[in-house]
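# Residue-level structural notes
One-letter residues, chain by chain:
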Amino acid sequence: MFKVKNTILSDDIATARFACDLPRCKGACCVVGDAGAPVAKEEIPALNKAYQLLKGELRKEAVDVAERDGVVIGSQKAGYEISTIKSEECVFVKYDDNQVAYCAIQQAFFEGRLNWEKPISCHLFPVRLKRIAGFDYANYEYVPKLCSAACERGEKENIYLAEFLEKPLVRRYGEKWFASFIEACKEIRQKEEHAT
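Our subject in this report is the structure included herewith.

## Some remarks on the sheet that holds strand S1 (residues 2–4)
Within a sheet, adjacent strands bond to each other through the backbone by hydrogen bonds, running parallel or antiparallel. Strand order in the open sheet made by the 4 strands is S1-S2-S11-S10, with mixed pairing throughout. Looking at which strands have only one partner, the edges of the open sheet turn out to be S1 and strand S10 (127–132). Averaged over neighbouring strand pairs, the angle between their axes works out to 25° when direction is ignored. Note: S10 against strand S11 (residues 135–140), 6 bridges, orientation antiparallel. Looking at S11, one finds that Arg131 is bridged to Asp136.

Take a look at the structure:
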């Protein structure tokens, strides 16, 4: 574990190689699992706004679930998550012609229709954050079924998870934090190289 300001991170965030490979994984992180993506309470209004904008573009099953259960389910105590179809597929999933799942919210952001890219938990995946006693705890959640293609690509192209997640980490913590984080990652990598 290492610490950058008020964030405690697992070492594998610094050392793992990872780069999403959508043509191979087909957007599995959006459709495989046993629950929806975790969301912060302050993200719920943005998700509801996105749903209202995108409702006509989403699949019927997704709209049915969102209308019946809400876009977000959960509570302050238990935590909030995006609603899913059959506890798997996010209600904001769309598919391209090659059956690759992608985020309707992110697409609308890239098209300039929304000013919010997507929930930070989605943007940071496969890193998961947990807030405890004023600290963010960040862990690399390696799920072979979801991450193996990304790990292979990261290894092949020598892309570290830390650098791959630059945009969402800067979004969450800012440029100064990210610069300190990358320095800490480089130190961890050097120690690991010297140990082998």
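## What about the nonpolar core?
Judged by nonpolar contacts, the single largest core of 30 residues is most densely connected at Phe2, Leu9 and Phe181. Broken down by secondary-structure element, the contributors of at least two residues to this core are S1, helix H1 (12–15), helix H6 (120–124), S11, helix H7 (144–157), helix H8 (161–164), helix H9 (166–173) and helix H10 (175–195). Sort the elements by how many residues they give to this core and H10 lands first, with 7 residues. Dropping the residues within four chain positions of it, Phe2 is found in contact with Thr7, Ile8, Leu9, Ser10, Asp11, Ala14, Phe181, Ala184, Cys185 and Ile188. Formed by 29 residues, the second largest nonpolar core is a distinct cluster that contains Ala50, Val63, Phe92 and Ala101.

## Notes on the pattern of salt bridges
The full count for this structure, using the stated rule, is 17 salt bridges. For Lys55, the salt bridge is made with Glu67, and the minimal N-O distance between the two is 3.1 Å. Of this pair, Lys55 sits in the loop between helix H3 (44–54) and helix H4 (60–69) while Glu67 sits in helix H4, and the two are 12 residues apart along the sequence. Owing to a relative accessible area of 45%, Glu67 belongs among the partly exposed residues under this scheme.

Basis of the calculations
Residues numbered from 1 in each chain as written. Predicted model: local features only at pLDDT ≥ 70, side-chain atom pairs only at ≥ 80, totals over all residues. Heavy atoms only, no water. Pairing = 2+ DSSP bridges. Helix = DSSP H or I, 4+ residues; strand = E, 2+ residues; numbered from the N terminus. Axes fitted to C-alpha atoms, helices over the stretch in contact; angles between N-to-C directions. Core = buried A, V, L, I, M, F, W, Y, C linked by side-chain atoms within 4.5 Å. Buried < 20%, exposed > 50% of the residue type's maximum accessible area, 1.4 Å probe, protein only. Contact = heavy atoms within 4.5 Å. Salt bridge = Lys/Arg side-chain N within 4 Å of Asp/Glu carboxyl O.

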